[in-house]
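A look at the structure
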Amino acid sequence: EDYYCDVLLTQLVKTEIDRDGVLRTPITFHRLTEWLTTNETVIRVSNQITGDGKKYNLVRPYHYAGTSLNNIEVNNQGTDDVGFIFEINGYCKNPQFALIQDGIIYGRCKLVGEFDYVRVDSIETEESIYLERNGIVLSNPASYQDLTIGEGYVTFTRLKVGQTTINFSCSNMDVFTGEVVITCKHSYASV
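Residues numbered from 1 in each chain as written. Predicted model: local features only at pLDDT ≥ 70, side-chain atom pairs only at ≥ 80, totals over all residues. Heavy atoms only, no water.

Of regular secondary structure, the chain possesses zero helices and 16 strands. Scored against the burial criterion, the 191 residues of the chain give a buried share of 37%. By sequence separation, contacts in the chain at least 24 residues apart represent 68% of the contacts at least 6 residues apart. (Helix = DSSP H or I, 4+ residues; strand = E, 2+ residues; numbered from the N terminus. Buried < 20%, exposed > 50% of the residue type's maximum accessible area, 1.4 Å probe, protein only. Contact = heavy atoms within 4.5 Å.)

Now for the layout of surface pockets. In this model, the largest pocket occupies a volume close to 480 Å³. Residue lining of the largest pocket: 22 residues in total, with L36, V82, G83, I123 and E124 positioned closest to the centre. Residue classes in the lining of the largest pocket are distributed as seven nonpolar, five polar and 10 charged. (1 Å grid on protein atoms, 1.4 Å probe; cavity = no way out; pocket = protein on both sides within 12 Å on 5 of 7 lines; lining within 4 Å. Points joined across faces, edges and corners; volume = space filled by probe spheres on them. Nonpolar A, V, L, I, M, F, W, Y, C, P; charged D, E, K, R; others polar.)

Time to look at the pattern of salt bridges. All chains considered together, the criterion is met by 11 salt bridges. With a closest N to O distance of 3.9 Å, R119 and D121 form a salt bridge. Given the relative accessible area of 5%, D121 is considered buried. Several salt bridges share partner residues, and in doing so they unite D18, D20 and R24 into one network. (Salt bridge = Lys/Arg side-chain N within 4 Å of Asp/Glu carboxyl O.)

The next thing to look at is a nonpolar patch on the surface. Together, V7, L9, L12, I27 and F29 make up an exposed nonpolar region whose accessible area comes to about 480 Å². At the level of secondary structure, the elements contributing two or more residues to the nonpolar patch comprise β2 (7-12) and β3 (27-31). Inspection of the secondary structure assignment puts I27 in strand β3. (Patch = residues over 30% accessible without salt bridge, like charges linked within 9 Å, V, L, I, M, F, W, Y side chains within 5 Å. Areas by Shrake-Rupley, 256 points an atom, 1.4 Å probe, with all protein chains shown as cover.)

Note on placement: V154 falls in strand β13 (residues 153-154). Apart from the residues within four sequence positions on either side, V154 is in contact with R108, D146, L147 and I149.

The next point concerns the side chain of N94. Topologically, N94 is positioned in the loop between β7 (84-93) and β8 (96-101). The exposure class of N94 is buried, given its relative accessible area of 19%. There is a polar contact of 3.1 Å between the side chain of N94 and the side chain of S171. (Polar contact = N/O pair within 3.5 Å; in protein donor to acceptor, adjacent residues only side chain to side chain.)

This structure, assessed with the given rule, holds seven aromatic pairs. Look at Y3 and Y188: their rings are 5.7 Å apart centre to centre, the planes differ by 85°, and that puts the pair in the edge-to-face class. Placement of Y3 in strand β1 (residues 3-4) and of Y188 in strand β16 (residues 187-188) is noted, with a sequence separation of 185 residues between them. Ring centres of F115 and Y144 lie 5.6 Å apart, and the angle between their planes is 80°; this geometry places the pair in the edge-to-face category. One end of the pair, F115, is in strand β10 (residues 114-121); the other, Y144, is in the loop between β12 (136-137) and β13, with 29 residues separating them in the sequence. Following the ring pairs from residue to residue traces out a cluster consisting of F84, F86, F97, F168 and F176. We note K160 situated over the ring of Y106; from NZ or CZ to the ring centre the distance is 4.8 Å. (Phe/Tyr/Trp six-rings, centres within 6.5 Å; stacked < 30°, edge-to-face > 60°. Lys NZ or Arg CZ within 6 Å of the ring centre and 35° of its normal.)

Right, let's talk about unusual backbone geometry for a bit. Here the phi dihedral of N94 falls at roughly 50°; this positive angle occurs in a residue that is not glycine. At D102, a position not held by glycine, the phi torsion is positive, near 55°. With respect to the element layout, D102 can be found in the loop between β8 and β9 (104-110). The exposure class of D102 is exposed, given its relative accessible area of 75%.

For the rest of this paragraph, the subject is the sheet that holds β1. Spatially, the three strands line up as an open sheet ordered β1-β4-β16, and their pairing is antiparallel. Here the strands that pair on one side only, and so sit at the sheet edges, are β1 and β16. Pairing geometry for strand β4 (residues 35-37) and β16, over two bridges, is antiparallel. Within β16, the residue paired with W35 across the bridge is Y188. (Pairing = 2+ DSSP bridges.)

Next up, the structure:
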């Protein structure tokens, strides 16, 4: 496995060619991130009825929530909490997700509105929200956040080290036919 980190070039000293015919140029870097893996963990989950829900053979599409979008397991194998990308592909109304570890909610995100595509990027150097509705990019996406949803980290939350459960829901969960995609890289203090 390969590792990398983001750096800032802080000093570059120009020198002359030495007597041995070699140009040596001292460079100083400042590391901005911990060591990251080049491999991404990508989890794709679509709204499927699972055994814990109920379904009735009615003329109209109808079922109780018992979907595979609850209890999405993500394992951060690194030594540091990491940002991640949370995407929703498909029409959703008032989408939200919660991050849970050891039965305690430690992070939440809720957006108010109707969207066809949602991307919340909580990677420290990227932190952004991108929203689309009917193929139109919505301006000022931060204004769609609901910051009153509880204590702890909100919107730009990080995955804690170890096993995290993510629960996703939206106001139209009974008819949501989209997909949720979670993408992250592991981060290490040293390699």
